[in-house]
Amino acid sequence: MPLTKRRRAMLLATGVMLPLPVLAGCSSDDDGPPPRAAWDIASAPRSATSGTGTLRWALDTAPTTLNAFQKTADTGTQRIAGAVLPSLYTLDARGRPQRNGDYLTAADVTSSDPKQVVVYKLNPKAVWSDGRPIGAEDFQAQWRALRGTDEAYGTARNAGYDRIAKIEPGDKEHEVKVTFAKPYTDWRSLFTPLYPKSVMGNPAVFTAPATKGLAVGAGPFMVREVSDGSVTLVRNPRWWGDRARLSRLVFQAVPAEKRDEALIDGQLDLAEVDRATARRIRATAPDKRAAGARQGSSAPDKAGAPEPSTGGREAAGAEGAATGATGAEGGATGATGAEGGDTGGTGATDKNRSQTRALSRFTLRKALDSAYTQLALNGTKGPLADERVRRAVARAIDRKALAKLVLKPMGLPSEPLGNHLLMAGQPGYKDHSGALGDPDTNAAQSLLADAGWRAGDANRQKAVDGKTDDRGRRHSAPTAAATDPATGGATDGATDGATDGAPDGATDGATDGVTDGAMDPATGNASGSASAAATHSERRSDAAPAAGDAGRSGRLGEAAVVRKKGRPLVLRFVLPDDRTAAPLSTVGERIARMLEKIGVRTEITKVPSESYFRDHIATGDYDLALYSWPASAYPATDGRPIYAKPQPAADGSLVVEQNYTRVGTDQIDQFFDQALSELDGGASRSLVSRADSRIWAAAGSIPLYQRPQLIAMRKGLVNAGAFGFATPRYQDIGFRR
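Cut-offs applied
Residues numbered from 1 in each chain as written. Predicted model: local features only at pLDDT ≥ 70, side-chain atom pairs only at ≥ 80, totals over all residues. Heavy atoms only, no water. Helix = DSSP H or I, 4+ residues; strand = E, 2+ residues; numbered from the N terminus. Buried < 20%, exposed > 50% of the residue type's maximum accessible area, 1.4 Å probe, protein only. Contact = heavy atoms within 4.5 Å. Areas by Shrake-Rupley, 256 points an atom, 1.4 Å probe, with all protein chains shown as cover. Axes fitted to C-alpha atoms, helices over the stretch in contact; angles between N-to-C directions. Parallel < 35°, antiparallel > 145°, perpendicular 65-115°, else oblique. Left-handed = near helix turned anticlockwise from the far one by under 90°. Nonpolar A, V, L, I, M, F, W, Y, C, P; charged D, E, K, R; others polar. Pairing = 2+ DSSP bridges. Phe/Tyr/Trp six-rings, centres within 6.5 Å; stacked < 30°, edge-to-face > 60°. Polar contact = N/O pair within 3.5 Å; in protein donor to acceptor, adjacent residues only side chain to side chain. Arc of directions from axis to C-beta. Core = buried A, V, L, I, M, F, W, Y, C linked by side-chain atoms within 4.5 Å. Salt bridge = Lys/Arg side-chain N within 4 Å of Asp/Glu carboxyl O. pLDDT = per-residue confidence, 0-100.

Undergrad: Explain the overall build of the protein chain to me, please; I cannot follow it from the model alone.
TA: Looking only at helices and strands, the protein chain features 20 helices and 26 strands. Buried positions account for 61% of the 737 residues belonging to the protein chain. Here the analysis covers contacts within the protein chain between residues at least 6 apart in sequence; of these, 76% occur between residues at least 24 apart. When the accessible surface of the protein chain is split by element, carbon and sulfur atoms take 47% of a total near 25,900 Å².

Written out as structure tokens, the structure reads:
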């Protein structure tokens, strides 16, 4: 289903996830196998499973609603909906919509002139759990609730539904005929999930909290119980498809920071985890333990290279040694080697060995997730309002180095992402980064000079936002925190390879953003969805630069700093500040060093993670920021609100929808509008491709890499793992006999 109007922004805090791009100018074919690392599933025949058992699957927070179309819906809501409600189309490993035969025998565009008409032929066996056949009245109720004409529903998105003119029964039994007022290329995104008319026909039921449950469904499972911390599903006795191989499916809320403890205590069977936990699990494999015994604490095996710590330490061994981590914390990177597997290293304890045994009951599944991390450049005002400055910043960024930093340590393909709207492997994917240009320090400096920013001006300094404080003041000497390689000051060359382990930007897998999912900009909750129409604000945060970061400007020699009319070019780089944000901080530190090479200072400001999106990204209170977006199988629909040109409102504010960089053009909007109305799939993809090229050229957001998806899975569990783009087939998940 499309994520518009309020596509969730997954904030970076310890790691990030997404699919693999290809070289500039290359494209992915529509057919063929998925790209490497598109998914990592423990596949097995249904007959090989026991046909019973309870699976405990971790969520970051308990869902506040079971309605995927509510504003507060999160990834947990979607996951539950996928198991208990009709999905007319699912996604394969390449992110391509596939007709779901459990619900549809056919679905086709039967007419495009004078109106687009789609006829859905329903599976005659498809019934709701109360015994009523799924029919046209359910389609009608969902359309009326989501078309955006009734404020009582307060829907999070209505993309596509607002283009429908009418819905009626088809000419034959079990047919539903949908007539569109305007052509809609992404019609397959509609009615997934499909809710019964008892939910969609009543605003009070539509907006009911999760605790009310879901009385009627039509999936292999049905909702049995909703508590404060979990949602329990059981088999649907009226399910007509393949019988679920699990007797119960329990979604448990376990915060990211407590997930490793829950795994060790045996409370979970399947969970997305951060990098540290992933390395600990990987270290329990027999070959890893042997490697640890042979190599000792100073030479971890290549796949488990050291990862930056919260303080941004990027020198080899920094995470283990500088933080005082024992083997239990260091995993395979091992400050002591204890977690390398009961090797008897210094600091090994009975507790460590017990934890290692507990984690050895799990395997690690890893893939490139269907989300990507970007560097956002706020183009509202200040230096970045000038496209030349944005392009200069973008051309100073070595995206390949950042992708390698994040992905290589986990053994994942480490190419940067070359597209804002499609992931590598999706039909129509092309690397359009050439519209901006390759990293080039000289070219970046020329762009700055053309915009009036030049090095060597020793005139009176003034902060770039017009304030008279000393944000751009002279520093007599670089601070220790700014120059010590152990604390984040190592040069790019010194840290290359040793730092191949930063996060992707939205909390490593299970902790993407504050936890492992989407953050609500209105509430700061990780279970929310992004604001549909954020209003531009001039408000500035009073958050202070983080310790060790305030002196970053002093690392740049006064002669090297670029200035305009005596003012230094200082950009405020806002990052979330919590334990799970360590990898994001490391990526931010690396970017700051890259910008220093072209004479641009950054003032890194750490703010509370719970308010990072709500108070800073959505309001425009930043110059530079890191956050990530989920990818989509329907880029024409889901991409437009993210990259649409902001429009002035009647009260003088700026309506940005989800374009939090505030950078857009009329041409980009035109390409999206044309793509949405083009029913020829190839032609629509071509228009999306042209839009992406223009988005690159505007330099408002710079895709960096696809986020890694790291999954801890109990041994013996099959047909589950790191799904990537693919829709889970819940009825096939089970435990081996």
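Once you've had a look at it, read on.
Undergrad: Quick question: what am I supposed to make of the environment of Pro576 here?
TA: Structurally, Pro576 can be placed in strand S18 (residues 570-577). With 51 residues separating them along the chain, Pro576 and Tyr627 place their C-alpha atoms 9.7 Å apart.

Undergrad: Hey, could you run me through the packing of helix H18 (residues 635-643) against helix H19 (residues 666-677) in this one?
TA: Relative placement of two packed helices is described by the angle separating their axes and the distance separating the axes. Running from N to C, H18 and H19 point in directions that differ by 160°, and their axes come no closer than 9 Å. By the angle between their directions, the pair H18 and H19 is classed as roughly antiparallel. For the crossing formed where H18 meets H19, the hand is left-handed. For the pair formed by H18 and H19, the contact residues are Pro635, Ala636, Thr637, Gly639, Arg640 and Tyr643 on the first element and Ile668, Asp669, Phe672, Asp673, Ala675 and Leu676 on the second. Of the residues assigned to the contact of H18 with H19, the class counts are seven nonpolar, two polar and three charged.

Undergrad: Quick question: what am I supposed to make of the sheet that holds strand S8 (residues 164-169) here?
TA: Paired through backbone hydrogen bonds, the strands of a sheet run either parallel or antiparallel to each other. Strands sit in the order S6-S7-S9-S8 across an open sheet of four strands; the sheet is antiparallel. Where the open sheet ends on each side, the last strands, each with one partner, are strand S6 (104-111) and S8. Taking each pair of neighbouring strands and ignoring which way they run, the sheet shows an average axis angle of 15°. Against the sheet, helix H2 (residues 136-146) touches strand S7 (117-122), S8 and strand S9 (175-180), its axis set at about 160° to S8.

Undergrad: Whenever I open this one, the packing of aromatic side chains confuses me. Can you help?
TA: One pair of aromatic rings is described through two measures. These are the centre distance and the angle between the planes. A complete count under the given rule lists 20 aromatic pairs for this structure. Note on Tyr103 and Trp239: the rings are 6.0 Å apart at their centroids and 55° apart in plane angle, and the pair reads as tilted. With Tyr103 in the loop between strand S5 (97-99) and S6 and Trp239 in the loop between strand S11 (230-235) and strand S12 (248-253), the pair connects residues that are 136 residues apart, well separated along the chain. With respect to class, Tyr103 is no different from Trp239; both count as buried. Judged by centre distance (6.2 Å) and plane angle (75°), the ring pair of Tyr120 and Trp187 falls under edge-to-face. Placement of Tyr120 in strand S7 and of Trp187 in the loop between S9 and helix H3 (197-200) is noted, with a sequence separation of 67 residues between them.

Undergrad: Explanation requested: the side chain of Thr65 in the structure shown.
TA: By secondary structure assignment, the location of Thr65 is in the loop between strand S3 (54-59) and helix H1 (75-84). Polar contacts involving the side chain of Thr65 include one to the main-chain amide nitrogen of Asn67, which spans 2.9 Å. At 3.1 Å, the side chain of Thr65 and the side chain of Gln70 are in polar contact. The contacts of Thr65, once residues within four sequence positions are left out, are Gln70, Thr72, Ala73, Thr77, Ala208, Pro209 and Ala210.

Undergrad: Would you mind showing me how to read the pairing of S8 here?
TA: Where S8 lies against S9, five bridges are found, and the strand directions are antiparallel. The partner of Lys166 across the bridge, within S9, is Thr179.

Undergrad: How should helix H13 (residues 441-450) be read in this particular structure?
TA: For H13, the full list of buried residues reads Ala443, Ala444, Leu447 and Leu448. The buried side chains of H13 occupy one side of the element, clustering within an arc of 140° when seen end-on. In H13, those exposed residues whose orientation departs by more than 90 degrees from the buried face are Asn442 and Asp450. Buried residues in H13 make contact with helix H11 (387-396) and strand S16 (562-564). If you check the start of H13, you find a side-chain oxygen 3.0 Å away from the backbone N of Asn442, and it comes from Asp440. Just past H13, the residue Gly452 takes up positive phi, approximately 95°.

Undergrad: Is there a simple way to explain the nonpolar core in this structure?
TA: A general trend in soluble globular proteins is that nonpolar side chains are found buried together. With 109 residues, the main nonpolar core has Tyr120, Phe191, Leu233 and Leu249 as its most contacted residues. The next biggest cluster of nonpolar side chains, apart from the first, holds 62 residues, and it includes Ala358, Ala392, Ala401 and Leu704.

Undergrad: Can you help me understand unusual backbone geometry in this one?
TA: For residues other than glycine, phi is negative in most cases, and the peptide bonds are mostly trans. Between Asp113 and the following residue, Pro114, the backbone shows a cis peptide bond with an omega angle of 5°. Within the element layout of this structure, Pro114 appears in the loop between S6 and S7. Positive phi values are uncommon outside glycine, yet Ala37 reaches one of about 70°. Residue placement: Ala37 occurs in the loop between strand S1 (10-11) and strand S2 (40-41). Exposure remark for Ala37: the relative accessible area of 16% places this residue in the buried category.

Undergrad: How should I be thinking about the pairing of S7 in this particular structure?
TA: Regular strands place their side chains on alternate faces of the sheet. With five of six residues buried, S7 lies mostly within the body of the structure. In the sheet, S6 pairs with S7 via six bridges, with the strands oriented antiparallel. Across the sheet, residue Val109 finds its bridge partner in S7, namely Val118. Here S6 folds back onto S7 in antiparallel fashion, the turn holding five residues.

Undergrad: Any chance you could explain the pattern of salt bridges here in plain terms?
TA: If the charged atoms of two oppositely charged side chains come close together, the side chains can form a pair. Taken as a whole and judged by the stated rule, the model has 20 salt bridges. Two residues, Asp102 and Arg729, come together in a salt bridge whose shortest N-O distance is 3.8 Å. Here Asp102 is found in the loop between S5 and S6, whereas its partner Arg729 is found in the loop between strand S25 (721-722) and strand S26 (734-735), with 627 residues between them in sequence. Residue class for Asp102 comes out buried when judged on its relative accessible area of 15%.

Undergrad: Mind showing me how you'd approach H11 here?
TA: Because the α-helix completes a turn every 3.6 residues, residues three or four places apart line up on one side. Among the 10 residues in H11, eight count as buried, and that is most of the element. By the burial criterion, the buried members of H11 are Val389, Arg390, Arg391, Ala392, Val393, Ala394, Arg395 and Ala396.

Undergrad: Mind showing me how you'd approach the confidence of the model for the protein chain here?
TA: Predicted coordinates in regions of low pLDDT should not be interpreted in detail. For the protein chain, the mean per-residue pLDDT works out to 79, and 72% of the residues sit at or above 70. Counting interchain partners and residues more than four positions distant, the pLDDT-below-50 stretch residues 3-29 has 199 contacts.

Undergrad: Even after reading the chapter, I still don't get the side chain of Thr637, so can you show me in this structure?
TA: Along the chain, Thr637 turns up in helix H18. Of the residues examined, Thr637 reaches a relative accessible area of 5% and is grouped as buried. Looking at Thr637, its side chain comes within polar contact range of the side chain of Tyr184, at 2.7 Å.

Undergrad: Any chance you could explain the sheet that holds S16 here in plain terms?
TA: Strand order in the open sheet formed by three strands is S15-S16-S17, with antiparallel pairing between adjacent strands. Each of the sheet's edge strands pairs with one partner strand only, and the pair in question is strand S15 (454-455) and strand S17 (567-568). As paired elements, S15 and S16 share two bridges and run antiparallel to each other. Residue Arg454 lies in a different strand from S16, and its bridge partner there is Arg563.

Undergrad: What is the right way to look at the environment of Leu717 in this model?
TA: Checked against the element boundaries, Leu717 lands in strand S24 (residues 717-718). For the pair Leu717 and Arg737, spaced 20 residues apart in the sequence, the C-alpha separation amounts to 9.9 Å. In this view, Leu717 contacts Ala42, Leu55, Asp269, Leu270, Ile733, Gly734 and Phe735; residues no more than four positions away in its chain are not counted.

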